[in-house]
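Listed here are the chains, written in short residue letters.
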Amino acid sequence: MNGFSSRSGHEVGRRKLLLTGGALGAFGAIAAASPAAARSLWTWSPSASVAGAGAGIDPEWVWDEEADPVLAAVLDRGDVPRINELLRQWTRNDQALPDGLPSDLREFMEHARRMPSWADRAKLDRGAQFSKTKGIYVGALYGLGSGLMSTAIPRESRAVYYSKGGADMKDRVAKTAKLGYDIGDLDAYQPHGSMIVTAVKTRMVHAAVRHLLPQSPDWTRTSGGQTIPISQADVLVTWHSLATFVMRKLVEWKVRISAADAEAYLHVWQVSAAMLGVNDEYIPATWDAANAQSRQVLVPILAHTREGEALAEVLLDIVAELDAGVTRPLISAFSRYTLGDRVGDMIGLSQEPVLKPVIAAAWPLLVAFREGLIPLPGIPTVAWTLEEALRRFVLLFLAEGQRIAIDIPDMNRPS
Ligand code: HEM
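Okay, so let's go over this structure. As the structure is a prediction and not an experimental result, all values here were calculated from the model.

About the thresholds
- Residues numbered from 1 in each chain as written.
- Predicted model: local features only at pLDDT ≥ 70, side-chain atom pairs only at ≥ 80, totals over all residues.
- Heavy atoms only, no water.
- Helix = DSSP H or I, 4+ residues; strand = E, 2+ residues; numbered from the N terminus.
- Buried < 20%, exposed > 50% of the residue type's maximum accessible area, 1.4 Å probe, protein only.
- Areas by Shrake-Rupley, 256 points an atom, 1.4 Å probe, with all protein chains shown as cover.
- Donors = N, O, S within 2.8 Å, 3.2 Å for Na, K, Ca; no water.
- Core = buried A, V, L, I, M, F, W, Y, C linked by side-chain atoms within 4.5 Å.
- Contact = heavy atoms within 4.5 Å.
- Axes fitted to C-alpha atoms, helices over the stretch in contact; angles between N-to-C directions.
- Parallel < 35°, antiparallel > 145°, perpendicular 65-115°, else oblique.
- Polar contact = N/O pair within 3.5 Å; in protein donor to acceptor, adjacent residues only side chain to side chain.
- Left-handed = near helix turned anticlockwise from the far one by under 90°.
- Nonpolar A, V, L, I, M, F, W, Y, C, P; charged D, E, K, R; others polar.
- 1 Å grid on protein atoms, 1.4 Å probe; cavity = no way out; pocket = protein on both sides within 12 Å on 5 of 7 lines; lining within 4 Å.
- Points joined across faces, edges and corners; volume = space filled by probe spheres on them.
- Phe/Tyr/Trp six-rings, centres within 6.5 Å; stacked < 30°, edge-to-face > 60°.
- Lys NZ or Arg CZ within 6 Å of the ring centre and 35° of its normal.

**Overview of the overall build of the protein**
Phase 1 of the analysis: Tallying secondary structure elements over the protein gives 19 helices and 0 strands in all.
Phase 2 of the analysis: The buried share of the protein, taken over its 415 residues, is 51%.
Phase 3 of the analysis: Carbon and sulfur atoms form 58% of the exposed surface of the protein, whose accessible area is close to 18,300 Å².

**Looking at the coordination of the iron atom of the ligand**
Phase 1 of the analysis: Just one protein atom donates to the iron atom of the ligand; it is H206 (NE2), sitting 2.1 Å from the metal.
Phase 2 of the analysis: By the secondary structure assignment, H206 is in helix α10 (residues 195–212).

**Topic: the nonpolar core**
Phase 1 of the analysis: Counting residues in each nonpolar core, the largest one holds 111 residues, and the members touching the most others are M109, F334 and W363.
Phase 2 of the analysis: Examining the composition of this core, we find that 11 residues originate from one element, α10, more than from any other.
Phase 3 of the analysis: Apart from the residues lying within four places of it in its own chain, the contact partners of W363 are Y137, W253, F334, Y337, L386 and L390.

**Examining the packing of helix α8 (residues 154–162) against helix α15 (residues 306–320)**
For any two helices packed against each other, the geometry comes down to the angle between their axes and how far apart the axes lie.
Phase 1 of the analysis: At a minimum axis distance of 8 Å, the contact between α8 and α15 shows a crossing angle of 75°. Compared by their axis directions, α8 and α15 come out roughly perpendicular. Between α8 and α15, the residues in contact are S157, R158, V160, Y161 and Y162 and R306, E307, G308, A310 and L311, respectively.

**Regarding α8**
It helps to recall that an α-helix has 3.6 residues per turn; residues three or four apart then point in one direction.
Phase 1 of the analysis: Taking burial as the measure, the 9 residues of α8 include 7 buried ones, the bulk of the element.
Phase 2 of the analysis: Considered for burial, the residues of α8 that qualify are P154, E156, S157, A159, V160, Y161 and Y162.

**What about unusual backbone geometry?**
Phase 1 of the analysis: If you check the backbone angles, I230 has positive phi at about 55° while not being a glycine.
Phase 2 of the analysis: Mapped onto the elements, I230 comes out in the loop between α11 (217–222) and α12 (232–252).
Phase 3 of the analysis: Classification of I230 as buried rests on a relative accessible area of 15%.
Phase 4 of the analysis: Residue K254 is not a glycine yet carries a positive backbone phi of 60°.
Phase 5 of the analysis: Owing to a relative accessible area of 63%, K254 belongs among the exposed residues under this scheme.

**Re the side chain of Q296**
Phase 1 of the analysis: For Q296, the position within the fold is in helix α14 (residues 287–297).
Phase 2 of the analysis: Looking at Q296, its side chain comes within polar contact range of the side chain of T43, at 2.8 Å.
Phase 3 of the analysis: Setting aside residues up to four positions removed in sequence, Q296 forms contacts with S40, L41, W42, T43 and W44.

**Comments concerning α14**
Phase 1 of the analysis: Taken as a whole, α14 has its buried residues at W287, A289, A290, Q293, S294, Q296 and V297.
Phase 2 of the analysis: In the core, the buried residues of α14 are packed alongside α12 and α13 (259–275).

**Some thoughts on the packing of α15 against helix α16 (residues 328–339)**
Phase 1 of the analysis: Packing of α15 against α16 brings their axes to within 9 Å, and their N-to-C directions diverge by 130°. Accordingly, the angle class assigned to the pair α15 and α16 is oblique. Viewed along their axes, α15 and α16 form a crossing whose handedness is right-handed. Seen from α15, the contacting residues are E313, L316, D317, V319 and A320; seen from α16, they are R328, I331 and S332.
Phase 2 of the analysis: Here the contact of α15 with α16 is built from residues that sort into 4 nonpolar, 1 polar and 3 charged.

**Considering empty space enclosed by the protein**
Where empty space is left in the structure can be found by rolling a water-sized probe over the atoms.
Phase 1 of the analysis: Within the structure shown, the criterion is met by 3 cavities of 30 Å³ or more.
Phase 2 of the analysis: The space that makes up the largest cavity amounts to roughly 50 Å³.
Phase 3 of the analysis: If you trace the largest cavity, you find it lined by R121, L124, D125, A128, I183, L186, D187, A188, Y189, Q190 and V268.
Phase 4 of the analysis: The leading source of residues in the lining of the largest cavity is helix α6 (residues 121–133), at 4 residues.
Phase 5 of the analysis: For the lining of the largest cavity, the class distribution of residues is 7 nonpolar, 1 polar and 3 charged.

**Details of the layout of surface pockets**
Phase 1 of the analysis: Estimated volume of the second largest pocket: approximately 420 Å³.
Phase 2 of the analysis: As for the second largest pocket, its lining consists of 20 residues, of which E66, R203, A274, G277 and N279 are closest to the centre.

**A few points about the packing of aromatic side chains**
Phase 1 of the analysis: Scanning all chains against the criterion turns up 15 aromatic pairs.
Phase 2 of the analysis: Judged by centre distance (6.5 Å) and plane angle (90°), the ring pair of W239 and W269 falls under edge-to-face. Highlighted residues: W239 in helix α12 and W269 in helix α13, separated in sequence by 30 residues. The residues W239 and W269 share a single accessibility class, namely buried.
Phase 3 of the analysis: Taken together, Y137, W253, F334, Y337 and W363 form an aromatic cluster joined through their ring pairs.
Phase 4 of the analysis: Sitting over the face of the ring of Y161, R413 holds its NZ or CZ atom 4.1 Å from the ring centroid.

See below:
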């Protein structure tokens, strides 16, 4: 099954012919000449950003000019193993950087760990409280919604698959959970929390990947002409698959959210984007602006890839570990219900023709009950089974995320 399954056989046939027949040469040449061809034009205005203004350059052509040269130099000097050893001791936001770091890296990190001037402590605390209160929904949405959706984001899937961590994908999936865990933590941006540390380390990992992946023949072969991975446009895509997607689903599910909570949750993600190195002029100022940007950068690029399918399989296998696979159909059906059939087909989720409609009927009732809108007797049993499965999944996901140390990679996936 793939994303084109709803088209007529004729169309599919024609499409295949175009891609595999004589037209391939011309198609390949066009794709190589204009790497951004599959994307829509960048028209999102910096006036809708937290900066309120900006040059309006397409973020497809912007990477991380502070981190990238520093990490390239660190890698060229062969410093990574020693630095990873030192960085293991750096875990708290308020902790001094370890002694012995090379001066260029230290200078970058001292700068990168500073919160943006517009960060608002009260809003951050409120946002964290919100994530905690809505924990079951938010956890399930990060883990199954965003986590699975990331496997339908071709550039992210391929970067992850062909980088060092791709060799141990189970560990790699747990690493992604680390951010979900840290960002939802009540202490995330408090002095004794660890989100600043996680974000700065992640920014360094991404910078290292930008230096390493262009040396990978497998990545270069599949990158669709992109020569340096993880552009700011790519980071925004992933950001929307997390923040914007979660908020959209919460609204769709009619979870009660006050305007102040919605704004606070956005703020947590705005600050996190800045801490990951996204320029202020690309960070949406409001949910409306975020939704508009998401429609432009995320929705059009979702697609099936071999690498993404392999990653989705690993994620679902982790779910199966919960109970020897008994709830896997339930989780697949819930994910299909949450992500929709287009994405469900792209990443190869099982169809679940029986369970999916049952969940589509039961889940809104469960949410309504949890939100105090309807009394208990209206809830079908399957809703409780599902809720219990999600709860266990979220706990497992968070536990995995908690035990992870973020290391800077020093090589690509061994082929
Ligand atoms: C590593 C989060 C965007 C590719 C990481 C890590 C985190 C993270 C927490 C460190 C975990 C580890 O040690 O592997 C995020 C967040 C993003 C984002 C929150 C956006 C909001 C992207 C994008 C790409 C990407 C857009 C690619 C297009 C990678 C790769 C690694 C990584 C390849 C390293 C894997 C390795 O160690 O081999 N990311 N990421 N990330 N990320 Fe991201």
